[in-house]
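So the chains spell out like this:
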Amino acid sequence: LVLEHALHRALKQNEFVLHYQPQYDVPSGRIVGVEALLRWQPPGGERISPAAFIPLLEETGLIVPVGEWVLRTACLQALKWQQAAHPPIRVAVNLSAVQFRQAGLVQTVRRVLDETGLDRRCLELEITENIALHNEEAVISTLTQLRDMGIRLAIDDFGTGYSSLHYLQRFPVHKLKIDRSFVKDITDAKADRPIIKAIVSLARNLGLAVIAEGVETPQQEEFLRSCGCLEMQGYLFCHPLSSEDIENRNSVWQ
Ligand code: G
Ligand code: G
Ligand code: MN
Ligand code: NA
């Protein structure tokens, strides 16, 4: 209850910030996008991990206004970078299943895009496979409306949820994000290598883009490249950074 009160205050008093983690096309070294990641720094307290407070935002319904704030802030930031003559990169925003099921989601996204003026093709929404647990027709309808607006859709944490190949074929998404648990074991255990290879070829055969997250070592990079997974995100390339750090670090924009 104390934490819930603190979260209400956090939204009202602007205690949330977004950090951004670059995503690269590895062969060219070019930045292709950033993922927006929510951070909460209560005044006088320690920074709290989203893994700890997002479940509470979801339980209390606060994820809806906070999610709208995230979306608006990320769109405005992407626009600002474009106006500063950086290459037009995409910004990826995480949507939790609770947000996804909200009746007003499509309208909210459309309104935020209209109000901020960001090119719709520059917004990517990351959803998890767990959205598929409820009412498949409604899920497909929401995804289709978002896609028809020009927004890109990525399945986050791919391979860890309740996915089925059936959904993959029916959901109008653009991209799979290979979960970092598969990437993590590339060097030590060889066990996950066949899984990564299978996800990459699944993506290719379905005409989907693919990105690996959580890439931390050159060995992981090398293996992913050898499989044909050329977009990557992870500490090897860049940690999530504040907007100021992203802006001022020339190496980010190569
Ligand atoms: O950045 P970090 O690894 O600590 O994030 C932990 C989890 O929180 C990840 O699963 C990430 O997807 C999720 N997350 C981060 N930012 C957001 C956000 O703005 N909205 C939602 N719904 N989830 C987020
Ligand atoms: O669930 P999602 O993929 O949105 O989670 C993203 C989270 O992964 C962020 O909290 C981010 O801080 C974290 N992250 C980003 N790069 C790496 C990495 O290379 N290794 C690890 N362990 N975590 C990472
Ligand atoms: Mn994500
Ligand atoms: Na993920």
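Residues numbered from 1 in each chain as written. Chains lettered and ligands numbered in written order. Predicted model: local features only at pLDDT ≥ 70, side-chain atom pairs only at ≥ 80, totals over all residues.

An unreviewed UniProt entry lists the chain under the name Diguanylate cyclase, with Noviherbaspirillum autotrophicum given as the organism.

A. How the structure looks around the site of ligand 1. Close to ligand 1 lie Leu37, Leu38, Ser49, Pro50, Ala51, Ile54, Val70, Asn94, Leu95 and Ser96. Those elements that provide at least two residues to the shell around ligand 1 are strand S2 (30–40) and helix H2 (50–60). At 3 residues, H2 tops the list of elements feeding residues into the shell around ligand 1. Looking at the shell around ligand 1 residue by residue, the class counts come to 7 nonpolar, 3 polar and no charged. (Near = placed C-beta within 6 Å. Helix = DSSP H or I, 4+ residues; strand = E, 2+ residues; numbered from the N terminus. Nonpolar A, V, L, I, M, F, W, Y, C, P; charged D, E, K, R; others polar.)

B. Quick peek at the environment of Pro43. Its place among the elements puts Pro43 in the loop between S2 and H2. Note on Pro43: 8 C-beta atoms within 10 Å, which makes it exposed. (Buried ≥ 20, exposed ≤ 12 C-beta atoms within 10 Å, placed from the backbone.)

C. View of the nonpolar core. Of all hydrophobic cores here, the largest spans 65 residues; its most connected members are Ala36, Ala74, Cys75, Val91, Val93, Leu123 and Ile178. Among all residues touching Val93, those that are not within four sequence positions of it are Ala36, Val70, Leu71, Ala74, Leu123, Leu125 and Glu126. (Core = buried A, V, L, I, M, F, W, Y, C linked by C-beta atoms within 7 Å. Contact = placed C-beta atoms within 7 Å.)

D. Looking closely at the packing of helix H1 (residues 2–12) against H2. Running from amino to carboxyl end, H1 crosses H2 at an angle of 85°, the nearest separation of the two axes being 11 Å. As summarised for this structure, H1 and H2 are arranged roughly perpendicular, according to the angle between their axes. Facing H1, whose interface residues are Leu3, Glu4 and Leu7, H2 presents Phe53, Leu56, Leu57 and Thr60. Looking at side-chain class alone, the contact of H1 with H2 contains 5 nonpolar, 1 polar and 1 charged residues. (Axes fitted to C-alpha atoms, helices over the stretch in contact; angles between N-to-C directions. Parallel < 35°, antiparallel > 145°, perpendicular 65-115°, else oblique.)

E. Spatial organisation of the pairing of strand S4 (residues 123–128). The buried fraction of S4 amounts to 6 of the 6 residues, a majority that puts the element mostly inside the structure. In S4, alternate side chains face the same way, and those of Leu123, Leu125 and Ile127 on one face and Glu124, Glu126 and Thr128 on the other are all buried. Pairing geometry for strand S3 (residues 90–94) and S4, over 4 bridges, is parallel. Looking at the pairing, Asn94 lines up with Glu126 of S4. As paired strands, S4 and strand S5 (residues 152–158) are joined by 5 bridges and run parallel to one another. Directly across from Glu124, in S5, lies its bridge partner Arg152. (Pairing = 2+ DSSP bridges.)

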